[in-house]
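Examination of the molecular architecture
What follows is the residue order along each chain.
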Amino acid sequence: MYLTKEVKAEIFAKHGGAEANTGSAEGQIALFTFRINHLTGHLKKNRHDYNTERSLVKLVGKRRSLLDYLKKKDINRYREIIKELNIRK
């Protein structure tokens, strides 16, 4: 599996502040970005996998809504996470 416990813990430690802080917006955005990148690579090989394509679109929407929330809540944290993860707006 591409997303192990160790990888998840590393993502949350780097972006969420601590491994146990799985509810932070930054940590969840980073996790969604990791999953989006993985699914994008999968879809480049398997163009007709429509279920994965639908999942990817839903994930992008979830990430977008979290980014909108973060932008409303604290613009500096929003700009920092955008720059860190190379997400384009």
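Residues numbered from 1 in each chain as written. Predicted model: local features only at pLDDT ≥ 70, side-chain atom pairs only at ≥ 80, totals over all residues. Heavy atoms only, no water.

In the annotation of an unreviewed UniProt entry, the protein is listed under the name Small ribosomal subunit protein uS15 and assigned to Flavobacterium album. What UniProt records for the protein under Subunit (unreviewed entry) is the sentence "Part of the 30S ribosomal subunit. Forms a bridge to the 50S subunit in the 70S ribosome, contacting the 23S rRNA." UniProt, in its Sequence similarities (unreviewed entry) section for the protein, records the words "Belongs to the universal ribosomal protein uS15 family." (UniProt positions renumbered as here; feature names shortened; annotations may be inferred.)

**Things to note about the packing of helix α1 (residues 5-15) against helix α2 (residues 25-45)**
When two helices pack together, their arrangement is given by the angle between the helix axes and by the axis-to-axis distance. As a packed pair, α1 and α2 sit with axes 8 Å apart at the nearest point and diverge in direction by 135°. Between α1 and α2, the angle falls in the class oblique. Seen along the crossing, α1 lies across α2 with a hand that is right-handed. On α2, the residues that touch Val7, Lys8, Ile11, Phe12 and His15 of α1 are Glu26, Gly27, Gln28, Ala30, Leu31 and Phe34. Residues belonging to the contact of α1 with α2 are distributed by class as follows: 6 nonpolar, 3 polar and 2 charged. (Axes fitted to C-alpha atoms, helices over the stretch in contact; angles between N-to-C directions. Helix = DSSP H or I, 4+ residues; strand = E, 2+ residues; numbered from the N terminus. Parallel < 35°, antiparallel > 145°, perpendicular 65-115°, else oblique. Left-handed = near helix turned anticlockwise from the far one by under 90°. Contact = heavy atoms within 4.5 Å. Nonpolar A, V, L, I, M, F, W, Y, C, P; charged D, E, K, R; others polar.)

**Regarding the side chain of arginine 63**
Mapped onto the fold, arginine 63 is located in helix α3 (residues 50-73). We note that arginine 63 is buried and unpaired, the nearest opposite charge coming from aspartate 68 at a distance of 10 Å. Setting aside its immediate chain neighbours within four residues, arginine 63 contacts Ile29, Phe32, Thr33, Ile36 and Ile87. (Buried < 20%, exposed > 50% of the residue type's maximum accessible area, 1.4 Å probe, protein only. Lys, Arg positive; Asp, Glu negative; His and termini not counted. Salt bridge = Lys/Arg side-chain N within 4 Å of Asp/Glu carboxyl O.)

**What to know about the nonpolar core**
Ranked by internal contacts, the top residues of the largest apolar core, which has 21 residues, are Ile29, Leu67, Leu70, Ile81, Leu85 and Ile87. When contributions to this core are tallied by element, the ones reaching two or more residues are α1, α2, α3 and α4 (75-85). Here this core takes 8 residues from α2, the largest share from any one element. (Core = buried A, V, L, I, M, F, W, Y, C linked by side-chain atoms within 4.5 Å.)

**Concerning α4**
Listed in full, the buried residues belonging to α4 are Tyr78, Ile81, Ile82 and Leu85. For α4, the buried positions fall inside an angular range of 100° around the axis, keeping them on one side. For α4, exposure combined with an orientation more than 90 degrees from the buried face picks out Asn76, Arg79, Glu80 and Lys83. Lining the buried residues of α4 we find α1, α2 and α3. (Arc of directions from axis to C-beta.)

**Considerations on the pattern of salt bridges**
Working definition: two side chains of opposite charge can pair if their charged atoms are close together. Following the criterion strictly, the structure yields 2 salt bridges and no others. With its nearest N and O atoms 2.5 Å apart, the salt bridge here joins arginine 77 to glutamate 26. With arginine 77 in helix α4 and glutamate 26 in helix α2, this pair connects stretches of sequence that are 51 residues apart. According to the relative accessible area criterion, glutamate 26 is buried, its value standing at 14%. We note a salt bridge from aspartate 68 to arginine 64, for which the minimum N-O separation is 3.4 Å. Here aspartate 68 and its partner arginine 64 are both found in helix α3, 4 residues apart, which amounts to about one turn of the helix. Of the residues examined, aspartate 68 reaches a relative accessible area of 36% and is grouped as partly exposed.

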